[in-house]
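This is what each chain is made of:
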Amino acid sequence: MQIAPFPADESARLHALCRYQILDTEPELAFDDLTNLAASICNTPIALVSLIDAERQWFKSKVGVDVTETPREIAFCSHAILQPDILMVPDAAIDERFAANPVVTNPPHVRFYAGVPLITADGHALGTLCVVDVVPRELSDSQVEALQALSRQVIAQLELRRKLMESERLTEQAQRSEAVLRESEERFRTIADNSPVLIWMDGADKQTVFCNQTGLNFLGLSLEQTVGAGWQQNLHPDDHPTWSNRYGVAFDAQIPYTVEYRLRRADGEYRWMLETGTPRFLSDGAFAGFVGSCVDITDQKAAEQDRQLLKSVTQAIVTSTDFHSALQVALQKVCEATQWEFGEAWVPALDKAVMVCSPAWYSTTERLTEFRQQSEALTFPPGIGIPGRVWLSKRTEWHQDVSAASNTIYFRAKLALKTGLKATLGIPLLANDEVITVLVFYMFEARQEDQRLIDLIAASTELGLFIQRKQTEEEMRKSLVKEQELNQFKSSFIANLSHEVRTPLTSVLGLSSVLLQQHFGPINAKQEQYVSMIHSSGEHLLKLINDLLDLVKIEAGKQELYKEAVDVAELCQSAIAMIEVRAASKQQQLALELPVAIESIVADRQRILQILINYLSNAVKFTPEGGLIGLSSRLATASELAATTIPVEPTDSPSCILPDTRFLVLEVRDTGIGIPPDKQQLLFRSFQQVEVTSDHPYEGSGLGLALSKQLAELHGGRVAFTSTVGSGSTFSVWLPLNGEVEP
């Protein structure tokens, strides 16, 4: 047995075979008809459409055998694809190439083989159309010619199948039926007439010579009325130039073509058709005309138009300014695309008790002004009226003629009759399974339910989500405006109140200071104690007022930093000096760790000092007598900051921390009572005073840490802390060393 060598174009041939996506597919009638016809014409028990893969031959269609594939090395077809014409083996038992082949020596005992290579337009042999017998024999010239013609039809079917897949994979029925035999109308009439698509054949003179029964039924014409150019009387006048030009160019160039046009059906309705034409050639290569098919794509075109409608509505909603503008856009787009004359929108009231009329509406005429005005005054509870029923059921509702409906079905029936409104469609727009609005459309003629529109609305969930987003955005805008108004009022109130309080408070502090200095004579111990308490309370109140004003300025974006080169050691020493009297009163030890980590930093000295004093004051306050309080410094990176406990989210629009930022970290450590984990989230929040013990309350406004946090962030830095109950706390401020705040 001889094993056939690989063709010279083996790699390109396999690539071409894969391009057809035919291997291991289900049987198809068009190919089976060709193999049956080949077996019948050649009078053989076996006929195959064989495709040669890398290691096997696989049968796309078979007659007389059960197997679906065999190894390539024993395939007769492996030899057939090496030559351009038919391979005929009259008696395999005496042919040295095949005598020892297992399919010859064993069942099915092949003796006769004739295979015509299936050659693509670019010259690659994919396999064969072959006939096989178990007795020696030969084919007549007419049988050979018929087998060659059928092989061309196999290639034509492969090409047509591939083109149909490229045309959005038309129905499997259409793919099978597009395999029109190119040689003879009479020979393939039975196959063509059983096809569900329109199949036609033109001669070399551009005149139609054949149309299958499906096409004749569609056109409502006889074959005699169709041949020549008769079928063109059903071609839409507006589409005739497009079809004629595309067909003429392809015909002159003898190349395949595809064109869409409208064709009048027997019932008078124009349907969109996709026509595919392929040139056909005789066995001698002479151009014989075109063979092709027409598939009704009206439904696909309508679906595409629906998709485009939804897309255009969605885009318009996204760019609309508010919720009701979005509804207005949806109403207008749907009316324009579907020829409804009027559209209105109903939305749930704030209490969700009734549907109320939205200000959004659209009309193609001014006849409906009174109808619109009456609608604005109505409300619909769940289940009442079209808006209420659609709201409750979450389903579309269609009425052919509401002007003839009773008031229990349609409240405005008399007005609809007066204005001429008839057909009505109620549509729920849902988001997260909740009806956010009901759109109601009207037209001036009675109309049966249109399933296409119902299907379109069933796909409108995305519209509901986009409209809901607009509703949410509008609510957020209103909330933001209200919040801004409240913040402005708060800032103005605090500023005015602080101003009014500061003036008498300054007098109180001045007079109490004079009394304490006893410029106007001595005071007794009790008087000195009371005046000292007045002075101390006044200073505390003044600090609170100053902190409030600072917070107001920061929140209003009016706080300015006066940056300069600050001596870090001097800054820390100043902070220690300002707090040491209070620490000494509690016999606490204050320590500054020297030398400092860096000599100087660009910052607002007064504001950084304010942060350190806040930290140190809290340490003194919450550290028992005899405790230790320390102030230290170190250098750190942005990655260390990311791993640090930051109290809460930074304030609005904080400075961006760049990955390569280096920081000066100033830390205040104490051996105080610590902060319980469940209280730590209150730190650095305005007006939040952490109650660490119930039997020993600590005075304070809760503004110091909040102000420290915002001042640090104004510098482009952060604040952080760690704390353990009973062991103490560490509060730190992280200041960037680049001297600039990155935007």
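Residues numbered from 1 in each chain as written. Predicted model: local features only at pLDDT ≥ 70, side-chain atom pairs only at ≥ 80, totals over all residues. Heavy atoms only, no water.

A. Molecular detail of the overall build of the protein. On a plain count of helices and strands, the protein comes out with 22 helices and 24 strands. Looking at the protein residue by residue over its 743 residues, the buried ones come to 48%. Here the contacts in the protein between residues at least 6 apart in sequence split such that 64% fall between residues at least 24 apart. With the model as given, the accessible surface of the protein reaches about 36100 Å², and the carbon-plus-sulfur share is 53%. (Helix = DSSP H or I, 4+ residues; strand = E, 2+ residues; numbered from the N terminus. Buried < 20%, exposed > 50% of the residue type's maximum accessible area, 1.4 Å probe, protein only. Contact = heavy atoms within 4.5 Å. Areas by Shrake-Rupley, 256 points an atom, 1.4 Å probe, with all protein chains shown as cover.)

B. The arrangement of the sheet that holds strand β11 (residues 287–296) in detail. Here five strands make up an open sheet; going across it, the order is β8-β7-β11-β10-β9 and the pairing antiparallel. Two strands bound the open sheet, and with one partner strand each, they are β8 (208–211) and β9 (257–264). Shown here is a sheet whose adjacent strand axes are inclined to one another by a mean of 25 degrees, direction ignored. As paired elements, strand β7 (residues 198–202) and β11 share five bridges and run antiparallel to each other. Within β11, the residue paired with Trp-200 across the bridge is Gly-292. Running over the sheet, helix α10 (residues 240–253) touches β7, β9, β10 (270–281) and β11 and is turned about 150 degrees from β9. (Pairing = 2+ DSSP bridges. Axes fitted to C-alpha atoms, helices over the stretch in contact; angles between N-to-C directions.)

C. Here's a closer look at the pairing of strand β21 (residues 628–637). Summarising the sheet, strand β19 (residues 589–592) and β21 pair through four bridges and their orientation is parallel. Bridge pairing links Ala-591 to Gly-630 in β21. Both β21 and strand β22 (residues 662–670) contribute to a ladder of nine bridges, which runs antiparallel. Bridge pairing in β22 places Leu-635 opposite Leu-664.

D. Geometry of the pattern of salt bridges. Taken as a whole and judged by the stated rule, the model has 31 salt bridges. Linking Arg-56 and Glu-69 is a salt bridge whose minimum nitrogen-to-oxygen distance equals 2.6 Å. You can see Arg-56 sitting in strand β2 (residues 56–63) and its partner Glu-69 sitting in strand β3 (residues 69–71), a full 13 residues away along the chain. Given the relative accessible area of 14%, Arg-56 is considered buried. On the accessibility criterion, Glu-69 (38% relative accessible area) is partly exposed. In this structure, the salt-bridge partner of Asp-401 is Lys-422, at a minimum N-O distance of 3.7 Å. (Salt bridge = Lys/Arg side-chain N within 4 Å of Asp/Glu carboxyl O.)

E. Region of the structure containing helix α20 (residues 605–622). Given a rise of 1.5 Å per residue, 18 residues ought to cover 26 Å, and the 26 Å separating the end C-alpha atoms of α20 matches this to within 8%. Taking burial as the measure, the 18 residues of α20 include 14 buried ones, the bulk of the element. (Expected span 1.5 Å × (residues − 1).)

F. Looking closely at the confidence of the model for the protein. For the protein, the average pLDDT comes to 81, and 76% of its residues sit at 70 or higher. Contacts of residues 174–182 to residues separated by more than four positions or lying in other chains number 49 contacts, the stretch itself having pLDDT below 50. For the stretch residues 694–698, pLDDT sits under 50, and the model shows six contacts to residues farther than four places along the chain or on other chains. (pLDDT = per-residue confidence, 0-100.)

G. Inspection of helix α22 (residues 704–714) at higher detail. For α22, the tally of buried residues reaches ten of eleven residues, placing the bulk of the element in the interior. If you check which residues of α22 are buried, you get Gly-704, Leu-705, Ala-706, Leu-707, Ser-708, Lys-709, Gln-710, Leu-711, Ala-712 and Glu-713. In the stretch just after α22, Gly-716 is the one whose phi turns positive, near 85 degrees.

H. Here's a closer look at the environment of Thr-437. Tracing the backbone shows Thr-437 in strand β17 (residues 434–442). For Thr-437, a relative accessible area of 0% gives the class buried. Between the alpha carbons of Thr-437 and Ile-427 there is a distance of 8.5 Å; along the sequence they are ten residues apart. Setting aside its immediate chain neighbours within four residues, Thr-437 contacts Leu-327, Ala-345, Trp-346, Val-347, Ile-427, Pro-428 and Leu-429. In terms of polar contacts, Thr-437 uses its side chain to reach the backbone carbonyl oxygen of Trp-346, at 3.0 Å. (Polar contact = N/O pair within 3.5 Å; in protein donor to acceptor, adjacent residues only side chain to side chain.)

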